[in-house]
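Letter by letter, the chains look like this.
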Amino acid sequence: MNPFDYTVAHSVDAAVSALGGSGRPSKILAGGTTLVDLMRLNVEQPAAVVDITRIPGLNHIDTEGREALVFGALARMSDVADDPVVRRDYPVLSESLWRAASQQLRNMASLGGNLLQRTRCAYFRDRQYPCNKREPGTGCSALEGLNRGHAVLGVSDQCIAVYPGDLAIALVALNASIDVQSTAGARTLRVADLHREPGQTPNLETALRPDELILRIRVPKSRLGKASTYLKIRDRESYAFAVASAAVALDMDGDVIRDVRIAVGGLATRPWRAHAAEQSLVGKTFTEAAAAQAGRLSLQGAATRPQNAFRVELGANTVAEALKIARERA
Amino acid sequence: MSKTKLGANAERVDGRDKVMGKAIYGADRILPHMVHALPITATVGKGRITSIDLGAAEAVKGVLVVLDYRTLGRLKPVVFSFAGGHAIQSLQPLQSADVAYRGQAVALVIAETLEAAYEAAPLVKISYAAEPFEVEMSAAGQEEVKQAVAAPYFPDFVHGDPEAAVAGAPVILDEVYRTSPQHQNPMELLSVVAEWDGDHLTIHEGSQASQAMQCGLAVQLGIPADNIRVISPYVGGGFGQRGSLSPHTILAAVAARKVGRPVKLTVPRSQVFHATSFRGANEHHVRIGATRDGQVTGGVHLVRAQTSRFDLMPYTGEETTSRMYAWPAFRGATTLVKLDTQTPGFMRAPMEMGSFFALESAMDELAIKLDLDPVALRLKNDAVADPITGKPFSSRRLKECLERGAARFGWDRRSATPGSMQDPDGVLIGWGVAAGAYPGYIGPALAKVRLQRGGKVILSVGGHEMGQGIRTAIAVVAASELGVDPETIEIRIGDTAYPPQHTTAGAWGAATATMPVRDASRAIRQQLAGLATKQKGGPLHGQDPTSLTLQDGWLSGYGGRQRVDDILRTARLPGLDGEGRGDVPGLKPDALKQAAIGKISTAGPEFPDHVSFSFVAHFAEVRIDPRLPRPRVTRFVTVVDCGRVISRRTAESQAYGGIVWGIGSALSEGSEVDPRFGGFLNNNIAEYQVAVNADVRRCEVEFIDREDTNFNGLGAKGLGEVVCVGAAAAVANAVHHATGRRVRSLPIRMEELLA
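Residues numbered from 1 in each chain as written. Chains lettered and ligands numbered in written order. Predicted model: local features only at pLDDT ≥ 70, side-chain atom pairs only at ≥ 80, totals over all residues. Heavy atoms only, no water.

Engineer: It is not clear to me how the overall build of chain A should be interpreted in this structure. Could you clarify?
Structural biologist: Looking only at helices and strands, chain A has 11 helices and 12 strands in total. The globule rule puts the C-alpha radius of gyration for 330 residues at 20 Å, and the 19 Å found for chain A is close to it. For chain A, the spread of C-alpha atoms along the three principal axes comes to 60 × 50 × 35 Å. Classification of the 330 residues of chain A by burial places 58% in the buried group. Sequence separation of 24 or more characterises 64% of the internal contacts of chain A that already satisfy a separation of 6 or more. As presented, chain A carries roughly 12800 Å² of accessible surface, and 48% of it is formed by carbon and sulfur atoms. Considering chain A, the positive charge centre built from 40 side chains and the negative charge centre built from 35 side chains are found 1 Å apart. (Helix = DSSP H or I, 4+ residues; strand = E, 2+ residues; numbered from the N terminus. Rg over C-alpha atoms; globule rule 2.2 N^0.38 Å. Buried < 20%, exposed > 50% of the residue type's maximum accessible area, 1.4 Å probe, protein only. Contact = heavy atoms within 4.5 Å. Areas by Shrake-Rupley, 256 points an atom, 1.4 Å probe, with all protein chains shown as cover. Lys, Arg positive; Asp, Glu negative; His and termini not counted. Charge placed at Lys NZ, Arg CZ, Asp CG, Glu CD.)

Engineer: Any chance you could explain the overall build of chain B here in plain terms?
Structural biologist: The secondary structure content of chain B amounts to 18 helices and 28 strands. Over its C-alpha trace chain B gives a radius of gyration of 27 Å, about what one expects of a compact globule, namely 27 Å for 755 residues. In chain B, the share of contacts with a sequence separation of at least 24, taken over all contacts with a separation of at least 6, comes to 80%. Distance between charge centres in chain B, computed from 80 positive and 80 negative side chains, equals 4 Å.

Engineer: It is not clear to me how the nonpolar core should be interpreted in this structure. Could you clarify?
Structural biologist: Inside soluble globular proteins, nonpolar side chains tend to come together where they are buried. All names here are of chain B. Counting residues in each nonpolar core, the largest one holds 94 residues, and the members touching the most others are I288, L366, F619, F636, F703 and V731. Of the domains in this structure, domain 1 (15–21 + 442–596) and domain 3 (157–161 + 279–440 + 606–752) are the two that each give at least three residues to this core. In this structure, L482, M515, L576 and I646 belong to the second largest nonpolar core, which totals 42 residues. (Core = buried A, V, L, I, M, F, W, Y, C linked by side-chain atoms within 4.5 Å. Domains from an automatic or database assignment.)

Engineer: Sorry, what's going on with a negative patch on the surface here?
Structural biologist: Taken together, E11(B), D485(B), E487(B) and D552(B) make up a surface patch of like negative charges. Relative to the helices and strands, E11(B) resides in the segment before helix 1 (15–19). (Patch = residues over 30% accessible without salt bridge, like charges linked within 9 Å, V, L, I, M, F, W, Y side chains within 5 Å. Salt bridge = Lys/Arg side-chain N within 4 Å of Asp/Glu carboxyl O.)

Engineer: What is the right way to look at empty space enclosed by the protein in this model?
Structural biologist: All names here are of chain B. Throughout the structure, instances matching the rule amount to 10 cavities of 30 Å³ or more. Empty space within the largest cavity amounts to approximately 150 Å³. In terms of lining residues, the largest cavity is bounded by 17 residues, among which G103, Q104, A105, P247 and A275 are the most central. Only strand 1 (35–41), helix 7 (247–259) and helix 8 (269–275) provide two or more residues apiece to the lining of the largest cavity. Its residues assigned to classes, the lining of the largest cavity shows nine nonpolar, eight polar and no charged. For the second largest cavity, the calculated volume is near 110 Å³. Lining the second largest cavity are 15 residues, with G280, M313, Y315, G345 and M351 sitting closest to its centre. Considering only residue class, the lining of the second largest cavity consists of 10 nonpolar, four polar and one charged. (1 Å grid on protein atoms, 1.4 Å probe; cavity = no way out; pocket = protein on both sides within 12 Å on 5 of 7 lines; lining within 4 Å. Points joined across faces, edges and corners; volume = space filled by probe spheres on them. Nonpolar A, V, L, I, M, F, W, Y, C, P; charged D, E, K, R; others polar.)

Engineer: How do you make sense of the domain arrangement of chain B when you look at a structure like this?
Structural biologist: Bring the parts together and some accessible area is lost; that lost area is often taken as the interface size. All names here are of chain B. In terms of domains, chain B is made up of domain 1 (15–21 + 442–596), domain 2 (31–133 + 186–238 + 242–275) and domain 3 (157–161 + 279–440 + 606–752). Listed as interface residues are 22 residues of domain 1 and, on the opposing side, 18 residues of domain 2. Approximately 1400 Å² of surface area, both sides summed, lies buried where domain 1 meets domain 2, with 44% of it carried by carbon and sulfur atoms. Together, H464, M466 and T496 form the three largest contributors to the area buried by domain 1 at its contact with domain 2, with a combined 36%. Remark: the boundary between domain 1 and domain 2 carries one salt bridge. Between R229 and D495 there is a salt bridge, with the nearest N and O atoms lying 2.6 Å from each other. On inspection of domain 1 and its partner domain 2, the count reaches nine residue pairs in polar contact (both at pLDDT 80 or more). Taken together, the elements giving at least two residues each to the side of domain 1 that touches domain 2 come down to helix 1 and helix 16 (591–596). Residue composition of the side of domain 1 that touches domain 2, grouped by class: nine nonpolar, eight polar and five charged. (Buried area = accessible area lost by both parts, 1.4 Å probe. Polar contact = N/O pair within 3.5 Å; in protein donor to acceptor, adjacent residues only side chain to side chain.)

Engineer: Just checking my understanding: could you explain the sheet that holds strand 23 (residues 560–563) of chain B for this structure?
Structural biologist: Two strands in a sheet stick together by hydrogen bonds in their backbones, pointing the same way (parallel) or opposite ways (antiparallel). Residue and element names in this part refer to chain B. Taken together, the three strands give an open sheet; going across it, the order is 21-22-23, and neighbouring strands pair in antiparallel fashion. Unpaired on one side and paired on the other, strand 21 (549–551) and strand 23 mark the two borders of the sheet. Pairs of neighbouring strands in the sheet enclose a mean axial angle of 25 degrees, with direction left out of account. Of the strand pairs in this sheet, strand 21 and strand 22 (residues 554–557) are connected by three bridges, and their pairing is antiparallel. (Pairing = 2+ DSSP bridges. Axes fitted to C-alpha atoms, helices over the stretch in contact; angles between N-to-C directions.)

Engineer: Please clarify how the environment of Y234(B) should be interpreted in this entry.
Structural biologist: Inspection of the secondary structure assignment puts Y234(B) in the loop between strand 12 (228–231) and helix 7. Ignoring sequence-local partners within four residues, the contact set of Y234(B) consists of D14(B), D17(B), K18(B), A23(B), I24(B), Y25(B), G206(B), E465(B) and R471(B).

Engineer: Looking at this structure, I do not really get the interface of chain A and chain B. What am I missing?
Structural biologist: On the chain B side, the residues contacting the 34 residues of chain A number 35 residues. Both sides of the chain A and chain B interface together cover about 3200 Å² of buried area, and 54% of this is carbon and sulfur. Where chain A touches chain B, the interface holds three salt bridges. A salt bridge links R148(A) to E751(B); the shortest N-O distance between them is 2.5 Å. For the side of chain A that touches chain B, the elements supplying multiple residues, two or more each, are strand 9 (227–233) and helix 11 (310–329) of chain A. In terms of residues, the side of chain A that touches chain B owes the most to one element, helix 11 of chain A, which gives seven residues. Here the residues of the side of chain A that touches chain B sort into 15 nonpolar, eight polar and 11 charged.

Engineer: Would you explain unusual backbone geometry in this entry?
Structural biologist: Where the residue is not glycine, phi is negative for most of them; where a peptide bond is considered, it is trans in most cases. Residue and element names in this part refer to chain B. Residue P605 follows G604 across a cis peptide bond; omega there is 0 degrees. Looking at where P605 falls in the secondary structure, it is placed in the loop between helix 16 and strand 25 (613–625). In the segment running from L746 into P747, the intervening peptide bond is cis, with an omega of -5 degrees. Within the secondary structure layout, P747 lies in the segment after strand 28 (745–746). For R572, which is not glycine, the phi dihedral falls at a positive 55 degrees. Relative to the helices and strands, R572 resides in the loop between helix 15 (564–570) and strand 24 (575–580).

In structure tokens, the structure reads:
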């Protein structure tokens, strides 16, 4: 770990000015579960770290509003996962949180930080291997390496690293947005627009400016929440990243699908909304065949490697199974 | 207090200390003026260091020095443990510019704080000239040696003409099975605190082999072993990782001497994957011939096992597979494949995890070929005498293990056709069986027990507490002899200041340590009785000394009793001392002397009049959603023949642990190798996946619990290893039963089971 300047910000303004002020690479410290881990590996080497955990009012969980659920960026994963309204009305959110990491990590990790969790690609996490994401131009070790766990959607010839988070998959399905602030002012963007595909610049992972701070997450209230689920398929039953996952929400009119949301995780370089799959279902009667077809459409355009080719079928089956679980909740 | 008896379900005597943080592990030591050391590891698969630039690293505030091969100083050659020495491998750290494998230590930062060491480490600039290397068994053109030729102490296991016996059989099973490399990953990281006082060195490190560590360090440093004390009262998980001297220990010792201050060195988890032994990859070619009614006619078990370029790590799994069934003819032979890694070594059920995955998968496949129930096939081929030597078994209750396990599991309700058992929602259910065995080993030990006035008992013996519960087992034995509460006994083990600390491994710990403890405790009881029956005017005067009982500080006889303290006071003795060595058939006369110089000197599995093995039967249930086919183990029944159970609670825990290890081996554990880079890629416990709580559902453990006094006086055989032998095969066989897919390589992952 390198030496770095450590600043405690007591307000949002102080945080963003600290982030923008120095002109040096700065990082926000919230739960620390990704940042500190990667700093210890010398993958993250910020010159300055701005601790935002003491900013008041950023850890609220507000489920009372008419329009949206609002979560402060510092709300803990475990607190949101256990919120009674979230559990009852938006199981997809609760499940995406408590199926992530371990209880200890969920007690530390913040919602805002979780959205920005970086990939688990082993070549990215160890400086002895070439990695275009960590050091642009050095090459991608995963393309011809051990890539069973790598992405099949949104890949490029520069990077196939998976976006590892779970919450963001659920948020993308629910059309969530985030409020962010920088020295240039405040803005709102869709979670779906937060993460970038690697393309030719895998080192650029999000649409955030370097001095932008996530303040809160807004999840529009919707009838879709109740009949929802986050299905996470992994090699062991807990404390593991997804081999494939699906966030699914349904709005049923009897047996007919009035509206549906599908996003997949563990399979793509960013949270992946499956619009074509959704369109195939809207207005149709729910059948197993329709769910299976939506599963296949969710993986449309997949580009595989020999070790990860199985994840196309697995991903499709995961979506179909998630649809069935959501249907039972409708 | 009620009397503690052998087999008692006693609480762990160290449980309270452990949960209160009072049990002190190696790196828990914080000594005055202590500094921190951090190894830096090679980033090429093989090659040579061409330049080292320490400038930036040594300029970091708090850094005392960075050592490399130019400055560490030459160590005296240490010998690999299986070549009769003390070390996990013969290659020593920081001795030349040569790099043998990725992850090898090449430099050592020593700093006032751990933070300074971590800051400096990436600033050490090392350039390499890379050389070609091989890290995969499957790569072409590796250097291979026949084990029986290259390491004649480890011969083939042969009798009869097995090739002909198999070839002439009406039914032949002929398959190859493979296992991945694995790493032990105990929770406690490899860590050491080294401290010099003049020319005397003290090492605090969790070890299964403190005497080997002491003597190996003495060799490396060229100083008398008496100048070194190794203190290892607790180990945060051994699993074979700490069975001999690892390279990091000498680095801490030399660093402490160089800087003249105590040095703490904790190997980071990411480095542990390259810092000491691991379970190498195996290939098992198994051929079995059988008659149509299921009698085996012969077996051939040919193994290719990974070793390093510089040591021959023997692979002896066929020692046990050759004894598992009544083979009329058998050949077991190993070829060692030299790869560019550190030397592989022990990991729980070191030879048997892979060899029994192979054999017991093959037996399952054979049963299907024969249209026989797999339990019935095993019962039919149970051996009466050892096929290799013709000697009887000291005890062999495999049949009872299988029968009791089958009854408890409900095996008779199994429908044999794969895929024929399902939940209402279509989830497939698979039931699998596998058996296992593990050689009965026993080692030398000397126990010293002191009973003080006031009732305090202090006991020292060779042994290491790594969570398996040896302290509790020892305490139960001593308590049963001396009539005291096991928790009040002070137990001194894992310390070279006490009697010889023979390596604790191979499931021989309890059998080795408890017999001498019993004898030493019994000697004290006899002395007490001798005193009391001779004390004129005492309540026990003139009674038969052998008729007296000792309980709660009272020696009692017919019509009277006397306080132990009174007996001692009358005799004007501060206390009594007892010594015990056990009486172990087959142990070499100089075994205790060998233990005192850090050598492994066990007897077994072949003894003068018998052979000795522990046995186990596993029954596993898996559930697999055919469309999302991650296998989940929903039930496990394990029945063990480990002779007499000494300490029930710790025995059950060991057995549960064996099941958990079997689940991990079967379904998730595997160290991944990228042949372009070398080393192990998934070097953390997020990506190297051991089973977690959620992977372990209902587990039931039963012990046959019948003493084997042919093996030792207490009748206890080994347990820690055998419980995990065959467990992975039971899961693999259950996966086949559920899905019809026969997966012949571990771990079994969902891609193997997709439609």
